[in-house]
Amino acid sequence: MAGPTPREIEVTETLKEELIRQKTYESQEESILREIVLGRVAALVRKFVTTVMMQRGFSEAVASAAGGKIFTFGSYRLGVHGPGSDIDTLCVVPKHIERDDFFTHFEPMLRDFEGATDVAGVPDAYVPIITANISGVAIDFLFARLALSVIPDDLELRDDNLLRNLDERCVRSLGGSRVNDQILRLVPNVAVFRDSLRCIKLWAQRRAIYSNVNGFLGGVAWAILVARICQLYPNASSGAIVSRFFIIVYQWEWPSPIMLKPIEDGPLMVRVWNPRLYPSDRAHRMPIITPAYPAMCSTHNVTQSTQAIMSLEFKRAAEVVDRVMAGTAEWSELFAKHDFFHKYHNYLRVTASTGDPNLQLKWAGTVESRMRQLVMKLEFVDGIAVAHPFVKGFDAVYYCKSEQELDAVAQGEISETVAKQALEDIAGLPSGRTVYTATFYIGLGLRAKQSGTSGMRKLDISYPTSEFVKMVKSWEQFEAGTMAIVIGHIKSSGLPDSCFDPGEREGPVKQLKRTKSKKIKDNGEDVPNKKRRSEAHIPDNSSALSVTLSGNDHLPSDQSATSNRSDQQASSGAPKSPPVSISSALAERAEEAYVSRSEIVKSSVLPFGENVTVATGAVTSAS
């Protein structure tokens, strides 16, 4: 295959320059700090193993010789991390160490570790994890227990036999490091792969579609996608890889899987991704398969809504890069900020709150890890076309003088007075409380109102919201007296300023003016959107929507209480809060922009007359 053209070389250079301007590369000082922190963490893991084994009766000599090793994976291992990026770190220990020890011994050791803050363990996650910040470096710790008495310093994880006699959670934990190593071995040019992936990561983050936990794609999936395009074009420059990436992925015939190599059998009786055998695997909407044994789907969290959202983002990106290749646009346009908080008239706001900072880290993480379940439940509600989750929560701390202020904060209603209060304002007050909150948002796109209908539209989401609240409260560490969760409806005009950059509320994001915003008619035809909707100009008219919610509770004013107020209301027969009525013209507006993939007009083509069908077909057939 021919090498890059002069134009491709030129746009590759401009891409690298833009990535530098966007500050995607860390400084040398930060790089050195990361290495120092990782060295300290490696020593802590060995100390953890030695301490636990000695408590179990092993001699100091045997315990010290048992070892323990860390392996990095994710963006740091792939060489595409940026300033402030976290480091995914796998702690590999010998067979004498149990998973419970990771949370009962290693987590407390982290809390006492010099420079460590924000330590929080989530033992019941799909992949159990401890998060921490050490000397300003964010680290996510995973645990894997091998069937070995000693973990040698030169241990490598490539051998499939290391997976023998391990539980599924350990196999999943080992997968991150093993998958990253395979990706780097399978790409034809590591430097081109890294530059291309750095671009795609920045784009996905700016467009708010980089989040596996919320139903979009995570780091592994993006890396596999980029690696596959690199395999298809082994001699291409990074600019050309990015150009082809968006066109091929946008026009991909899902659910055909994307793989870097054929799925292999291994020595274990473990589940390998196989849609012919497993119905749950057939349900995967955008299967992107990991290259290491056992092969797994890295995109099992993708929902109907998030797939539609990503499809439109692929389309937009392909059009922008087409113009970049033609010389009529700059790379900076590709990285324009998302418009999530401008896109919808109505949002759901999920607020998780406690009165303890350490407890809040775990509680907020638990709620966030289950937000995708709420999205999937909302997709089944009549009238909802798309449930669009935002990819991060908003953390805040409030100081309340009274029970009324406490209730309002737990409900997500923050007055200007409470927002300005500081710790010293509640010092000495018997009713003074500190509240820690994490707020998550879901944009609601509604289907068009049927012609000939009039009056208030009713949207009853009491079932999905109440079921979601029950789900998060079933967490084994949930404490009714100290934790609260509230789901509320909020109009776009009522979104807090924390959702926007300074000056953003006055109008659309300046970067977005370079491209035409579009909406899609019921027949799927793209037409220019004449004016971007602004929160301050949402009309109130007779076409209204009634939203019914259920399942909310309150944060008790007394943090030592054993039951929350919602439970007390339920037992006393207190009436539920009335439905929230909101003025809306949703039926005729841009929320109907999300349509099925088959309805979207595919306008972008591969450059230089390349055949998309051949390229995409090669992705599944090539080894």
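Residues numbered from 1 in each chain as written. Predicted model: local features only at pLDDT ≥ 70, side-chain atom pairs only at ≥ 80, totals over all residues. Heavy atoms only, no water.

Let us look at the confidence of the model for the protein. Put simply, the protein has an average pLDDT of 83, and 81% of its residues get 70 or more. In this model, residues 508–543 is a region of pLDDT below 50 whose contacts with residues beyond four sequence positions or in other chains number 73 contacts. Within the model, pLDDT remains below 50 along residues 554–602, and this stretch shows 141 contacts once partners closer than five positions in the same chain are excluded. (pLDDT = per-residue confidence, 0-100. Contact = heavy atoms within 4.5 Å.)

Turning next to the packing of aromatic side chains. Throughout the structure, instances matching the rule amount to 25 aromatic pairs. Between Phe 48 and Phe 106 the ring centres are 5.3 Å apart and the planes differ by 55 degrees, which places this aromatic pair in the tilted class. On the criterion of sequence distance, the pair formed by Phe 48 in helix H2 (residues 28–55) and Phe 106 in helix H5 (residues 99–111) is long-range, its members being 58 residues apart. Both residues of the pair, Phe 48 and Phe 106, belong to the buried class. Plain terms: the ring middles of Trp 203 and Phe 314 are 5.9 Å apart, the flat faces sit at 25 degrees to each other, and that makes the pair stacked. Note that Trp 203 is positioned in helix H7 (residues 190–206) and Phe 314 in helix H11 (residues 304–326), a separation of 111 residues in sequence. Phe 314 carries the same exposure label as Trp 203, and that label is buried. Aromatic rings pair up to connect Phe 340, Phe 341, Tyr 344, Tyr 347, Phe 390, Phe 394, Tyr 441 and Phe 500 into one cluster. (Phe/Tyr/Trp six-rings, centres within 6.5 Å; stacked < 30°, edge-to-face > 60°. Helix = DSSP H or I, 4+ residues; strand = E, 2+ residues; numbered from the N terminus. Buried < 20%, exposed > 50% of the residue type's maximum accessible area, 1.4 Å probe, protein only.)

All chains considered together, the criterion is met by 26 salt bridges. Two residues, Arg 7 and Glu 10, come together in a salt bridge whose shortest N-O distance is 3.2 Å. Of this pair, Arg 7 and Glu 10 both sit in helix H1 (residues 6–21), three residues apart, which is roughly one turn of that helix. For Arg 7, a relative accessible area of 29% gives the class partly exposed. The partly exposed category is assigned to Glu 10, whose relative accessible area is 44%. With its nearest N and O atoms 3.5 Å apart, the salt bridge here joins Lys 362 to Glu 107. Taken together, the residues Lys 362 in helix H14 (residues 357–369) and Glu 107 in helix H5 connect sequence positions 255 residues apart. (Salt bridge = Lys/Arg side-chain N within 4 Å of Asp/Glu carboxyl O.)

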